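# Tertiary structure, described
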Amino acid sequence: AQKVTQAQTEISVVEKEDVTLDCVYETRDTTYYLFWYKQPPSGELVFLIRRNSFDEQNEISGRYSWNFQKSTSSFNFTITASQVVDSAVYFCALSEAVQGAQKLVFGQGTRLTINP
Amino acid sequence: EAGVTQFPSHSVIEKGQTVTLRCDPISGHDNLYWYRRVMGKEIKFLLHFVKESKQDESGMPNNRFLAERTGGTYSTLKVQPAELEDSGVYFCASSQDQGLGDDNEQFFGPGTRLTVL
């Protein structure tokens, strides 16, 4: 069965610090996708990134970067020079392909607080 | 283009009452998903519609939960009778395609926060 673990329940840092959110996953599938979503105080889940299991290249998007390592089953997310607006709950998720559908399996979420 | 919308945003009901949550997916999206997050735990899959058909309802917790998507447009999730453990945030998502292709990104709504007293 698929499982996603975000061991960090809450993280609090001072603005401009770098912060890494950890995500470890378990799956028997050879083909799968990994995701990160952001949930700001307004409540909706905002898509940040999707990475397929065959692409281990790290990705950078502005202050955000993702490190995918199949050897350790991890898909960590780093925010560089954090800002107060980055404060949110962040969810890591794994897709589970069942009968052609894409059912997402989420981690418990990490609440990130950026203090001014 | 409007995103996924959910109504109501908040609902407070007493144990034993009935509540119906509504989700309007993005226009043209055949796939509609329901998820919920209970008591600060992980977000869990409930079920998946393809148009009006239930593709996968393996996550539905019990028969107190009934989901419908008549006409393949909006969907409702009814909880009857509601129990204390049903409290949480119910999310709806929609996608254009299913499977592991590149057009299968799920767009989430803002969620409905349900409190059962």
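So, a few notes on the structure that sits alongside this text. (Residues numbered from 1 in each chain as written. Chains lettered and ligands numbered in written order. Predicted model: local features only at pLDDT ≥ 70, side-chain atom pairs only at ≥ 80, totals over all residues. Heavy atoms only, no water.)

## A closer look at the overall build of chain B
- Counting secondary structure elements, chain B contains 0 helices and 11 strands.
- Taken from N to C terminus, the helices and strands of chain B fall in the order β-β-β-β-β-β-β-β-β-β-β.
- Computed over the C-alpha atoms, the radius of gyration of chain B is 14 Å, within 12% of the 13 Å expected from 2.2 N^0.38 for a compact globule of 117 residues.
- Taken over the C-alpha atoms alone, chain B extends approximately 40 × 25 × 25 Å along its principal axes. (Helix = DSSP H or I, 4+ residues; strand = E, 2+ residues; numbered from the N terminus. Rg over C-alpha atoms; globule rule 2.2 N^0.38 Å.)

## A closer look at the state of the cysteines
Residues and elements named next belong to chain B.
- Under the counting rule described, the total for this entry stands at 2 disulfides over all chains.
- Here Cys-23 is linked by a disulfide to Cys-92, with a sulfur-sulfur distance of 1.8 Å. One disulfide, between Cys-23 and Cys-92, carries an S-S torsion of -65° and so falls in the left-handed class. With Cys-23 in strand β3 (residues 19–24) and Cys-92 in strand β9 (residues 88–95), this pair connects stretches of sequence that are 69 residues apart.
- Residue Cys-92 is classed as buried on the basis of its relative accessible area of 0%. (Disulfide = S-S within 2.5 Å. Buried < 20%, exposed > 50% of the residue type's maximum accessible area, 1.4 Å probe, protein only.)

## Examining the environment of Phe-91 of chain A
- Considering the arrangement of structural elements, one finds Phe-91 of chain A in strand β10 (residues 88–98).
- Along the backbone, Phe-91 of chain A and Gln-39 of chain A are 52 residues apart, and their C-alpha atoms lie at a distance of 7.7 Å.
- Contacts of Phe-91 of chain A, omitting those with residues within four sequence positions, involve Gln-6, Phe-35, Trp-36, Tyr-37, Gln-39, Leu-45, Phe-106, Gly-107, Gln-108 and Gly-109 of chain A together with Arg-37 and Ile-43 of chain B. (Contact = heavy atoms within 4.5 Å.)

## A short note on the environment of Arg-64 of chain B
All names here are of chain B.
- Along the chain, Arg-64 turns up in the loop between β6 (53–56) and β7 (65–68).
- Its relative accessible area of 12% is what places Arg-64 among the buried residues.
- Once the C-alpha coordinates of Arg-64 and Asp-30 are considered, the two residues, 34 residues apart in sequence, prove to be 25 Å apart.
- For Arg-64, the residues in contact, after removing those within four places along its chain, are Lys-78, Val-79, Gln-80, Pro-81, Ala-82, Glu-83, Glu-85 and Asp-86.
- Among the polar contacts made by the side chain of Arg-64, one reaches the main-chain carbonyl oxygen of Pro-81 at a distance of 2.8 Å. (Polar contact = N/O pair within 3.5 Å; in protein donor to acceptor, adjacent residues only side chain to side chain.)

## What about the side chain of Gln-106 of chain B?
- Position of Gln-106 of chain B among the secondary structure elements: in the loop between β9 and β10 (107–108).
- A distance of 2.9 Å separates polar atoms of two side chains, one belonging to Gln-106 of chain B and the other to Tyr-35 of chain B.
- Contact partners of Gln-106 of chain B, with chain neighbours within four places excluded, come to Tyr-37, Gln-102 and Leu-104 of chain A together with Tyr-33, Tyr-35, Ala-93, Ser-94 and Ser-95 of chain B.

## Some thoughts on the environment of Val-13 of chain A
Residues and elements named next belong to chain A.
- Mapped onto the fold, Val-13 is located in strand β2 (residues 10–14).
- Separated by 95 residues in the primary sequence, Val-13 and Gln-108 have C-alpha atoms spaced 20 Å apart.
- Dropping the residues within four chain positions of it, Val-13 is found in contact with Val-19, Ser-82, Thr-113, Ile-114 and Asn-115.

## Considerations on the sheet that holds strand β8 (residues 75–79) of chain B
Residue and element names in this part refer to chain B.
- The antiparallel open sheet is built from 4 strands, whose spatial order is β1-β3-β8-β7. Edge strands, defined here as strands with exactly one partner in the open sheet, are β1 (5–7) and β7. Each strand of the sheet is rotated relative to its neighbour by a mean of 15°, with strand direction disregarded.
- Across 5 bridges, the pairing between β3 and β8 is antiparallel. What sits directly across from Cys-23, in β8, is Ser-75. (Pairing = 2+ DSSP bridges. Axes fitted to C-alpha atoms, helices over the stretch in contact; angles between N-to-C directions.)

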